[in-house]
Amino acid sequence: ELEYQSSLELDEQTFEAVRRFPLATEITAHSRQELVGRLDHNYRHQRALFEKVLDVLAEEFEKIMRMQSLTGRATIRSVNPVFEQSEAVGIALDILIERGYHASLDVMRTRVPDYIEANQLAPAPEDSTPTAETIKTNLPTGN
């Protein structure tokens, strides 16, 4: 319907250019099957990592999510070493989505140089932190 509407409203050349990018419905059409496939694949082929991620979710994330549940949103910053593996981040997001949360990821990385000249040394800011993976979760409100 949206594509039909766009084809009527947009100039033909503009419409042809824009339609190179898929509609949201096209992207989400099979997303549930893909999610299930990723979860099953990761559980079968990376079981140890999968279990570590579940442990982090239960031990670190759940408490924060419960404390912030009435707000409908929880922002969790983790420096847990398990998230140094990019697969772990994907597994965490997939588990949260599977359990009904609307999760997104914001990766903040601090670059650590291999070499610093002595005349370039400066004190680190007090709020500097190592790599932090931020997973934002919208919590179901029971509606």
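See above for the structure.
The text that follows walks through the structure, step by step, so that each part is easy to find. (Residues numbered from 1 in each chain as written. Predicted model: local features only at pLDDT ≥ 70, side-chain atom pairs only at ≥ 80, totals over all residues. Heavy atoms only, no water.)

## What about the nonpolar core?
To be explicit about the condition: For our purposes a nonpolar core is just a set of buried Ala, Val, Leu, Ile, Met, Phe, Trp, Tyr and Cys residues, chained together by side-chain atoms within 4.5 Å. Buried, partly exposed and exposed residues are distinguished by accessible area as a fraction of the type maximum, computed with a 1.4 Å probe on protein chains only: under 20%, between the cut-offs, and over 50%, respectively. Think of it this way: any DSSP run of H or I at least four residues long counts as a helix, any run of E at least two long counts as a strand, and we number them from the N terminus. Contact between two residues is taken to exist if any of their heavy atoms lie within 4.5 Å; hydrogens are not considered.
Among the nonpolar cores identified, the biggest contains 21 residues, and Val53, Leu57, Phe61, Val82, Phe83 and Ile95 are the most heavily contacted of them. Elements represented by at least two residues in this core include exactly helix H4 (31-45), helix H5 (47-67), strand E1 (73-78) and helix H6 (86-98). Not counting residues up to four positions away in its chain, the partners in contact with leucine 57 are Glu62, Ala92, Ile95 and Leu96.

## Regarding H4
Owing to its 3.6 residues per turn, the α-helix aligns residues three or four sequence positions apart on the same side. Defined as follows: Given a helix with a known number of residues, its expected span is that number minus one, times 1.5 Å. To be clear, the arc concerns the directions from the helix axis to the C-beta atoms.
In this model, H4 (15 residues) spans 21 Å end to end at C-alpha, consistent with the 21 Å of a helix rising 1.5 Å per residue. Taken residue by residue, H4 has Leu35, Leu39 and Asn42 as its buried positions. Considered in projection along H4, the buried side chains sweep an arc of 75 degrees and stay on one side of the axis. Every exposed residue of H4 that faces more than 90 degrees away from the buried side is listed here: Gln33, Arg44 and His45.

Honestly, that's just the spatial picture; any functional story needs more than this.
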